[in-house]
Amino acid sequence: MRYTLGMDEPAEIIAAAKEVLRISDRGDYTIPAADLYPHQWLWDSCFIAIGIRHYDVERAQKEITSLLRGQWHNGMLPHIIFVSGREHYRDRELYRAELNPNAPDKVSTSGLTQPPMVAEAIVKIGEKLDRAERRSWYKDVYPALLKHHLWLYNERDPHDEGLTLQIHPWETGLDNTPPWIRSLREHKFPLWIKIASSNFLKPLVNLIRRDTRFVRSNERLTNFETLVLYSEQMRIRRKAYDIDKILDDSLFAIEDLTFNSILIRANHNLKKIAKTIDKKLPEKLLASMHKTEAALETLWDEATSQYYSRNFVTHNLIIEPSIAALMPLYAGCITRERAKEIVKLLRDKKSFGAKFPVPSVPLNSDWFDPYRYWQGPVWINTNWLIIKGLERYGFEEEAEHIKLQTLQMIKKSGFYEYFSPLDGSPAGSKTLSWSAALMIDLLS
Ligand code: 2M8
């Protein structure tokens, strides 16, 4: 197949990437992958738009405006907008977003959100437009974007601390990353999870799971992890997505390092957009934005010289290393000293300095598994975020190295979902849209 083998020149790779995106194009939006992810996802569409803007700005704009059609009345941007049709009834049922009066009337969505990459995508698209077009583009999307940021602080920063909280691992985009699975394991689960994830019932659960029909089970979440994430979603659904009720009785309420690092960049981009169209952001929002940057520093752990996510309830850092440790580079607000500490981790061959960087879990972690989803493999979107962060701090050589190794993996195997950091071999879905789109961006 043209898009998986024999790519050499950048132009060939870009052509192959466009083909992957064409296959998953559903008119106004792009699905992440036809097999595993047949709906529209929030941060996927942002990364996709960042790639598409290089050859079709209008289509990239549609990718974003189609996301905004899913916005809840309270400002939340949901992490999935479902396609219609009977075959996907089960996916929509898992959420039943209509239980909450804020859910949109015309489209079916999830009741969770995902990292706020929208502002970055809007600005990146803006870079491709002339001044007048850019102003008009920003004017079109500003009200929804502002509403989203207001929601993030109003609903997800209830103590006005500057850090937003996430209520499910799916909100962080890093589903089964070790800090979450460890945090969830600290709680008592319904007995049925224990029974259903036993070896005895494995064949039965495997039969129900849709994902392992497409991808080898050693490349996906374990049955236990899948069931825990599922049961957490059911708990949130039972609370009808009411944040007060959820916080009253939730196993998972964390201030995610990746989410908040992305929020800091998003805030900068929102300010840029407002300035371009002569809008004044509300004072309270500006104060919250300022607080977030200061609060990021409270996630630093002196003993291990790293940043971590924090448990919202206990306020304890979750000392479990993962790719999130590198994301403050992308936030761009940390000191050069801190940035240097992160680069040390990236260079350390026992930690994140793998032959094919950057592993989603450091090589010396007990959790590390080269093929298991967010517990080891290299992902193109996190590489992209790290590259942008390194460039911002002037670590050009490190950024270039990650870019080159990313290119090698893609050239050899195609636009897979993730890759082994040990030898670059591919895993997961064969054609992940953000792998294609972000490769276009890195090569352009
Ligand atoms: C994965 O997450 C979804 C749930 O949202 C899943 O496991 O089914 C993650 O990799 C997430 O970051 C990504 O946005 C999504 C679609 O590519 O898949």
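This text follows the structure it describes.
I will try to describe carefully the structure that is included in this document.

1. Topic: the sheet that holds strand S9 (residues 426-427)
And step 1. Strand order in this open sheet of three strands is S7-S8-S9, and the pairing throughout is antiparallel. The outermost strands of the open sheet, each flanked by one partner alone, are strand S7 (378-379) and S9.

2. Comments concerning helix H11 (residues 223-238)
And step 1. Taking 1.5 Å of rise per residue, the 16 residues of H11 would be expected to cover 22 Å, and the 22 Å separating its terminal C-alpha atoms lies within 8% of that figure.
And step 2. The buried fraction of H11 amounts to 12 of the 16 residues, a majority that puts the element mostly inside the structure.
And step 3. Buried within H11 are the following residues: Asn 223, Glu 225, Leu 227, Val 228, Leu 229, Ser 231, Glu 232, Gln 233, Met 234, Arg 235, Ile 236 and Arg 237.
And step 4. In this structure, the buried residues of H11 make contact with helix H4 (89-95), helix H7 (169-172), helix H8 (178-185), helix H9 (191-196), helix H10 (202-208) and helix H12 (243-248).

3. Looking at the side chain of Thr 113
And step 1. Relative to the elements of secondary structure, Thr 113 occurs in the loop between H4 and helix H5 (118-126).
And step 2. Note on Thr 113: relative accessible area 0%, which makes it buried.
And step 3. A polar side-chain atom of Thr 113 sits 2.7 Å from the main-chain carbonyl oxygen of Leu 77.
And step 4. Those residues in contact with Thr 113, other than ones at most four positions away along the chain, are Leu 42, Met 76, Leu 77, Pro 78, His 79, His 148, Trp 151, Trp 170, Glu 171 and Phe 259.

4. Notes on the site of the ligand
And step 1. Residues in close proximity to the ligand total 14 residues, the closest being Trp 41, Asp 44, Gly 173, Asp 175 and Tyr 373.
And step 2. Take His 79: an N or O atom from its side chain is 3.1 Å from an oxygen atom of the ligand.
And step 3. At 2.9 Å from an oxygen atom of the ligand is found a side-chain nitrogen or oxygen belonging to Gln 114.
And step 4. Against a free-state accessible area of 410 Å², the protein chains account for coverage of 93% of the ligand.
And step 5. Of the residues that constitute the shell around the ligand, the class distribution is nine nonpolar, three polar and two charged.

5. A look at unusual backbone geometry
And step 1. Here Pro 357 and Val 358 are connected by a cis peptide whose omega angle stands at 0 degrees.
And step 2. Along the polypeptide, Val 358 turns up in the loop between helix H16 (336-347) and S7.
And step 3. We note that Tyr 241 has phi near 60 degrees; this positive angle belongs to a residue other than glycine.
And step 4. For His 315, which is not glycine, the phi dihedral falls at a positive 65 degrees.
And step 5. Secondary-structure assignment places His 315 in the loop between strand S6 (310-311) and helix H15 (328-331).
And step 6. Given a relative accessible area of 36%, His 315 falls into the partly exposed group.

6. Description of the packing of helix H18 (residues 396-413) against helix H19 (residues 433-443)
And step 1. The geometry of H18 relative to H19 is characterised by a closest axis approach of 11 Å and an angle of 135 degrees between their N-to-C directions. Classified by the angle their axes make, H18 and H19 are oblique. Both H18 and H19 take part in a crossing whose hand is left-handed. Contact residues: Lys 403, Thr 406, Leu 407 and Ile 410 in H18; Ser 435, Met 439, Leu 442 and Leu 443 in H19.
And step 2. Its residues assigned to classes, the contact of H18 with H19 shows five nonpolar, two polar and one charged.

Criteria and thresholds
Residues numbered from 1 in each chain as written. Predicted model: local features only at pLDDT ≥ 70, side-chain atom pairs only at ≥ 80, totals over all residues. Heavy atoms only, no water. Pairing = 2+ DSSP bridges. Helix = DSSP H or I, 4+ residues; strand = E, 2+ residues; numbered from the N terminus. Expected span 1.5 Å × (residues − 1). Buried < 20%, exposed > 50% of the residue type's maximum accessible area, 1.4 Å probe, protein only. Contact = heavy atoms within 4.5 Å. Polar contact = N/O pair within 3.5 Å; in protein donor to acceptor, adjacent residues only side chain to side chain. Near = heavy atom within 4 Å. Areas by Shrake-Rupley, 256 points an atom, 1.4 Å probe, with all protein chains shown as cover. Nonpolar A, V, L, I, M, F, W, Y, C, P; charged D, E, K, R; others polar. Axes fitted to C-alpha atoms, helices over the stretch in contact; angles between N-to-C directions. Parallel < 35°, antiparallel > 145°, perpendicular 65-115°, else oblique. Left-handed = near helix turned anticlockwise from the far one by under 90°.

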